[in-house]
Structure formats: C-alpha cells, structure tokens
Amino acid sequence: QVQLVETGGGLVQPGGSLRLSCAASGFRFSSYGMRWYRQAPGKERELVATITSATGSTSYADSVKGRFTISRDNAKNTVYLQMNSLKAEDTAVYYCYTTFRGYWGQGTQVTVSS
C-alpha cells in the first residue's frame, strides 16, 4: 500500500532552520510529482512547494520563496523541504502529498518560537 512518512519537524527559534523528509513507498516514486502543504491552527491547508517528476522543476508559495527549498532523491524515494530563516508564521503541521492518486502523509508539526 502507499505510504508517505514525514519526519524532521520540531521546535525551532525564529531565524533557524529545519529539514523535513518524506519517505514514500508503494508506488513508482520517480514518476510522480510531489508537494508539501501546511496547515496552521484555524486556517485552511495551503500549498507550500511542488516538484515535478520529469524535470524536477520547482515552484513555491510567495510566503516561502527564497527561504524554502524542495528537492527529491528518486534513488531513496524521498522528498525534502529545507526551511531556512524560519518565522513564527511558518508554524503549522506540514504534509507531504503525491500526485499518485492524491495520497497524503500523516503530517509533522513545525513550531517556530523563542
């Protein structure tokens, strides 16, 4: 069965960095686009970053552009989200998503606070 397992969340001070990982299994990872979403308390889930399957092209929400980087390692079936210069407003549960039938991971909490 399809599984997406996010790791790497935690508590970090403003200005700090975290790297999230999403390990995928149960489908041909290299053939599908991958995305990171986030959902803050009381807010709708929003798209943070995308990476395509074929060319590895990336796109970002304006709120994270220049601070976050999405990447993928097809040999490890893993997608990453490098988050730098973190702000309090980045606090949310971060979810991994695959375009293979729209599967979601369980989410990982990121809290940015001093």
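Residues numbered from 1 in each chain as written. Predicted model: local features only at pLDDT ≥ 70, side-chain atom pairs only at ≥ 80, totals over all residues. Heavy atoms only, no water.

Engineer: What is the right way to read the overall build of the protein from this model?
Structural biologist: Assigned secondary structure in the protein consists of zero helices and 10 strands. Listing the helices and strands of the protein from first to last along the sequence gives β-β-β-β-β-β-β-β-β-β. For a compact globule of 114 residues, the expected C-alpha radius of gyration is about 13 Å, and the protein comes in at 13 Å, within 12% of that figure. When the backbone C-alpha atoms are referred to their principal axes, the protein occupies close to 40 × 25 × 25 Å. Sequence-distant contacts in the protein: of pairs separated by 6 or more residues, those separated by 24 or more amount to 53%. In the form shown here, the protein has an accessible surface area of approximately 6,000 Å², with 45% of it arising from carbon and sulfur atoms. One finds the centroid of the 12 positive side-chain charges in the protein at a distance of 7 Å from the centroid of its 7 negative side-chain charges. (Helix = DSSP H or I, 4+ residues; strand = E, 2+ residues; numbered from the N terminus. Rg over C-alpha atoms; globule rule 2.2 N^0.38 Å. Contact = heavy atoms within 4.5 Å. Areas by Shrake-Rupley, 256 points an atom, 1.4 Å probe, with all protein chains shown as cover. Lys, Arg positive; Asp, Glu negative; His and termini not counted. Charge placed at Lys NZ, Arg CZ, Asp CG, Glu CD.)

Engineer: What is the right way to look at the sheet that holds strand 3 (residues 18-25) in this model?
Structural biologist: The strands that make up a sheet are held in pairs by hydrogen bonds between backbone atoms, and each pair lies either parallel or antiparallel. Strand order in the open sheet formed by four strands is 1-3-8-7, with antiparallel pairing between adjacent strands. A single partner strand is all that each edge strand has here, and the edge strands are strand 1 (3-7) and strand 7 (68-73). For this sheet, the mean angle separating the axes of adjacent strands, direction not counted, is 15°. For strand 7 and strand 8 (residues 78-83), the ladder comprises six bridges, and the chain directions are antiparallel. The residue bridging Asp-73 from the neighbouring strand is Thr-78, located in strand 8. (Pairing = 2+ DSSP bridges. Axes fitted to C-alpha atoms, helices over the stretch in contact; angles between N-to-C directions.)

Engineer: What am I meant to see in the pattern of salt bridges here?
Structural biologist: Note that side chains of opposite charge can pair when their charged atoms are close. Tallied over the full model, the rule gives four salt bridges. One salt bridge in this structure joins Glu-46 and Arg-38, with 2.6 Å as the shortest N-O distance. Residue classification places Arg-38 among the buried positions, given a relative accessible area of 5%. With a shortest N-O distance of 2.7 Å, Arg-67 and Asp-90 are connected by a salt bridge. Of this pair, Arg-67 sits in the loop between strand 6 (58-60) and strand 7 while Asp-90 sits in the loop between strand 8 and strand 9 (92-98), and the two are 23 residues apart along the sequence. A residue is classified by how much of its surface remains accessible, and Arg-67, at 11% relative accessible area, is buried. A single network of salt bridges, built from pairs that share partners, joins Arg-38, Glu-46, Arg-67 and Asp-90. (Salt bridge = Lys/Arg side-chain N within 4 Å of Asp/Glu carboxyl O. Buried < 20%, exposed > 50% of the residue type's maximum accessible area, 1.4 Å probe, protein only.)

Engineer: Please explain the nonpolar core as it appears in this structure.
Structural biologist: Here is a general trend for soluble globular proteins: nonpolar side chains tend to be buried in one another's company. Counting residues in hydrophobic clusters, the biggest one holds 29 residues, and the most contacted among them are Met-34, Trp-36, Val-79, Leu-81, Met-83 and Tyr-94. Residue contributions to this core peak at four residues, all from strand 3. Not counting residues within four places of it along the chain, the set of residues in contact with Val-79 comprises Leu-20, Ser-21, Cys-22, Phe-29, Met-34, Trp-36, Ile-51, Ile-70, Ser-71, Arg-72 and Cys-96. (Core = buried A, V, L, I, M, F, W, Y, C linked by side-chain atoms within 4.5 Å.)

Engineer: Got a minute to help me understand the sheet that holds strand 9 in this structure?
Structural biologist: Ordered by their spatial adjacency, six strands build an open sheet running 2-10-9-4-5-6, and the pairing between neighbours is mixed. Strands with a single pairing partner mark the edges of an open sheet, and in this sheet they are strand 2 (10-12) and strand 6. Here the average twist between neighbouring strands, direction ignored, is 25°. Here strand 4 (residues 34-39) runs beside strand 9; their pairing, made up of six bridges, is antiparallel. Bridge pairing links Trp-36 to Cys-96 in strand 9.

It is worth stressing that arrangement in space is one thing and function is another; only the former is reported here.
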